[in-house]
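# Summary of structural features
The primary structure of each chain is shown beneath.
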Amino acid sequence: MHIRLDDEDRQVVFGQCLGKALKGRGRIYLEGELGAGKTTLTRGILRAHGHAGAVKSPTYTLIEPYELKEGRVYHFDLYRLGDPEELEFIGGRDLLADDALCIVEWPSRGEGWLPLPDLSVALSLCGNGREARLEAHTQHGRALLEALSLDPTLADMISEERETP
């Protein structure tokens, strides 16, 4: 599935729709170059779960936990991860448990250690906006894609093929 995100507001709206579809659980991996909008998308996901404060990428701390009314959300940023084994030492295995929602930026830095995501989202620049390419890897991920495809808020953002700038 491809989602056209013409501006930052649309990225946040898409994140909110994704957050609602997640229902407080799952593993979402966000890929994209610096400035592609991974943290902006995360802000939308967190807003869907009641978080109204600022959302910063945990580039130096690696993990930012959020205790929200629907449960725990862990926002990982692995950009500065030296070795995937570091995730073991900071309790990553416990944090990636099935009963939490885990959002992982730069998952390629944890390759070989991270479990399979439910959904991967590749963000890329597209004209003046962004494009999100979604791929399901589990049954939960396929259910997410189905829910998103039926969400009327996203109707004018979903495209079958990649947009060209």
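Described in the following lines is the structure provided in the data block. What you are looking at is a predicted structure, and each value in this text was computed from that prediction instead of being measured. (Residues numbered from 1 in each chain as written. Predicted model: local features only at pLDDT ≥ 70, side-chain atom pairs only at ≥ 80, totals over all residues. Heavy atoms only, no water.)

Scanning the protein chain for helices and strands turns up 5 helices and 8 strands. Ordering the α and β elements of the protein chain from the N terminus gives β-α-β-α-β-β-α-α-β-β-β-α-β. Relative to a compact globule of 165 residues, whose C-alpha radius of gyration would be 15 Å, the protein chain shows 15 Å and is just as compact. Summarising its shape, the C-alpha atoms of the protein chain cover approximately 45 × 30 × 30 Å along the three principal directions. Looking at the protein chain alone, contacts between residues at least 24 apart form 65% of all its contacts between residues at least 6 apart. On the protein chain, roughly 8,300 Å² of surface is accessible, and the fraction owed to carbon and sulfur atoms is 47%. Here the protein chain contributes 19 positive and 28 negative side-chain charges, whose respective centroids are spaced 3 Å apart. (Helix = DSSP H or I, 4+ residues; strand = E, 2+ residues; numbered from the N terminus. Rg over C-alpha atoms; globule rule 2.2 N^0.38 Å. Contact = heavy atoms within 4.5 Å. Areas by Shrake-Rupley, 256 points an atom, 1.4 Å probe, with all protein chains shown as cover. Lys, Arg positive; Asp, Glu negative; His and termini not counted. Charge placed at Lys NZ, Arg CZ, Asp CG, Glu CD.)

Moving on, we get to the pairing of strand β4 (residues 71–77). In terms of burial, β4 is a largely internal element, 5 of the 7 residues being buried. Of the pairings in the sheet, the one linking strand β3 (residues 63–68) to β4 comprises 6 bridges and is antiparallel in character. Across the sheet, E67 pairs through a bridge with R72, a residue of β4. Hairpin remark: β3 followed by β4, antiparallel, with 2 residues in the connecting loop. (Buried < 20%, exposed > 50% of the residue type's maximum accessible area, 1.4 Å probe, protein only. Pairing = 2+ DSSP bridges.)

Taken across its 8 residues, strand β7 (residues 129–136) has 6 buried, putting it largely inside the fold. In terms of strand pairing, strand β1 (residues 2–5) meets β7 through 4 bridges, oriented antiparallel. Bridged to L5 within β7 is R130. Between strand β6 (residues 119–126) and β7, which pair antiparallel in sequence order, lie 2 residues; one of them, G127, sits at a positive phi of approximately 65 degrees.

Moving on: the sheet that holds β6. Within a sheet, neighbouring strands are paired by backbone hydrogen bonds and run either parallel or antiparallel to one another. Reading across the sheet, the 8 strands line up as β3-β4-β5-β2-β6-β7-β1-β8 and stay open at both edges, with mixed pairing between neighbours. Whereas interior strands pair on both sides, the edge strands pair on one side only; in this sheet they are β3 and β8 (158–159). Where β6 meets β7, 8 bridges bridge the pair, whose relative direction is antiparallel. Opposite C126, over in β7, you have G129 as the bridge partner. On the sheet, helix α1 (residues 8–22) packs against β1, β2 (26–31), β5 (101–105), β6 and β7 and is oriented at approximately 140 degrees with respect to β1. Helix α2 (residues 38–48) contacts β2, β3, β4, β5 and β6 of the sheet and is inclined by roughly 170 degrees relative to β5. (Axes fitted to C-alpha atoms, helices over the stretch in contact; angles between N-to-C directions.)

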